[in-house]
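Residues per chain are reported as follows:
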Amino acid sequence: MRRMLLEGLFRRPVTEEAPAVADAELEELAARLGAVARARLGRSLSIREVDAGSCNGCELEIHALNNSYYDVERFGLRFVASPRHADVLMVTGPVTANMREGLERTYAATPAPKWVVAVGDCAAGCGVFRKSYATIGSVSAVLPVDLVIPGCPPEPIAMLKGLIGLIEASARG
Ligand code: SF4
């Protein structure tokens, strides 16, 4: 027992090193996204995440945007519980038969202007679930997709860059 306690005190953590993204890059990206959202919407950006059938790997990276390392809420980017409060739907996974109606209803409940972001290779093209009996197709088979963020899973920084491009493009259009 004593040996275990001593080992616990002096052993290095077994967790991975923090991502090698410079704080400056993260702050610049998140602040830029907050600014373009305010210019386009007159307020900060609200995001609703929808899991249409993912393995939850993409969710882990999306959740990371809220952890103490990325902490994007300090720039005014918020994840909301209801699609009625959302500007962006970030959809992960291929769409499963059981989630099709839920996804359609979530989209219908989101007020315009709204954008749909397909997050990850499964959302973009069904990925590893392409041959699953439960999969009916990619997100674009059910909803109009405005942006695809590829990766398995994509990194949080790629999500921030994608959202900036999307909101900037919509402001120009
Ligand atoms: S893209 Fe990869 S991490 Fe995301 S849901 Fe598919 S298999 Fe999982």
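This report concerns the structure included in the present document.

What counts as what
Residues numbered from 1 in each chain as written. Predicted model: local features only at pLDDT ≥ 70, side-chain atom pairs only at ≥ 80, totals over all residues. Heavy atoms only, no water. Helix = DSSP H or I, 4+ residues; strand = E, 2+ residues; numbered from the N terminus. Buried < 20%, exposed > 50% of the residue type's maximum accessible area, 1.4 Å probe, protein only. Contact = heavy atoms within 4.5 Å. Areas by Shrake-Rupley, 256 points an atom, 1.4 Å probe, with all protein chains shown as cover. Lys, Arg positive; Asp, Glu negative; His and termini not counted. Charge placed at Lys NZ, Arg CZ, Asp CG, Glu CD. Near = heavy atom within 4 Å. Nonpolar A, V, L, I, M, F, W, Y, C, P; charged D, E, K, R; others polar. Pairing = 2+ DSSP bridges. Axes fitted to C-alpha atoms, helices over the stretch in contact; angles between N-to-C directions. Core = buried A, V, L, I, M, F, W, Y, C linked by side-chain atoms within 4.5 Å.

## Re the overall build of the chain
Point 1. Secondary structure summary: the chain contains six helices and seven strands in total.
Point 2. Helices and strands in the chain line up, N terminus first, as α-α-β-α-β-β-β-α-β-α-β-β-α.
Point 3. By its C-alpha atoms, the chain is 60 × 45 × 25 Å across when sized along the principal axes.
Point 4. In the chain, which comprises 173 residues, the share counted as buried stands at 42%.
Point 5. Of all intrachain contacts in the chain linking residues separated by at least 6 positions in sequence, the fraction that spans at least 24 positions is 81%.
Point 6. Within the structure as shown, the chain displays about 9,700 Å² of accessible surface, and the carbon and sulfur contribution to it stands at 54%.
Point 7. Of the side chains in the chain, 19 bear a positive and 20 a negative charge, and the two mean positions are spaced by 3 Å.

## Let's talk about unusual backbone geometry
Backbone geometry follows two general trends: most residues other than glycine have a negative phi, and most peptide bonds adopt the trans configuration.
Point 1. Cis geometry is adopted by the peptide bond preceding Pro-113, which originates at Ala-112 and carries an omega value of -5 degrees.
Point 2. Inspection of the secondary structure assignment puts Pro-113 in the loop between α4 (100-109) and β5 (115-119).
Point 3. Cis geometry marks the peptide bond from Cys-152 to Pro-153; its omega dihedral reads -10 degrees.
Point 4. Looking at where Pro-153 falls in the secondary structure, it is placed in the loop between β7 (147-149) and α6 (156-172).
Point 5. A positive phi angle is found at Asp-71, which is not glycine, with a value near 45 degrees.
Point 6. Relative to the elements of secondary structure, Asp-71 occurs in the loop between α3 (57-64) and β2 (78-79).
Point 7. Phi is positive for Cys-126, which is not a glycine, with a value near 80 degrees.
Point 8. One can find Cys-126 in the loop between α5 (121-125) and β6 (135-137).
Point 9. Given a relative accessible area of 10%, Cys-126 falls into the buried group.

## Some remarks on the site of the ligand
Point 1. Neighbouring the ligand are the residues Ser-54, Cys-55, Gly-57, Cys-58, Asp-121, Cys-122, Val-128, Gly-151, Cys-152 and Pro-153.
Point 2. Elements that contribute at least two residues to the shell around the ligand include exactly α3 and α5.
Point 3. Residues that form the shell around the ligand fall into these classes: six nonpolar, three polar and one charged.

## As for the sheet that holds strand β1 (residues 46-51)
Point 1. Read across the sheet, five strands follow the order β2-β1-β3-β5-β7 without closing on themselves; strand pairing throughout is parallel. Edge strands, defined here as strands with exactly one partner in the open sheet, are β2 and β7.
Point 2. Pairing between strand β3 (residues 88-92) and β5: five bridges, direction parallel. Residue pairing in the sheet places Leu-89 in a bridge with Val-116 of β5.
Point 3. Each of β1, β3 and β5 touches α4; the most contacted strand, β3, lies at about 165 degrees to it.

## Brief notes about the nonpolar core
Point 1. If you look at the biggest cluster of nonpolar residues, it comprises 30 residues, and the most contacted ones within it are Leu-33, Leu-45, Val-88, Met-90, Val-117, Met-159 and Leu-160.
Point 2. Those elements giving two or more residues to this core turn out to be α2 (23-41), α3, β3, β5, β7 and α6.
Point 3. Filtering out sequence-adjacent residues up to four positions away, Leu-45 remains in contact with Leu-33, Ala-37, Gly-76, Leu-77, Arg-78, Asp-87, Val-88 and Ile-167.
Point 4. The next biggest cluster of nonpolar side chains, apart from the first, holds twelve residues, and it includes Ala-52, Val-91, Leu-103 and Val-116.

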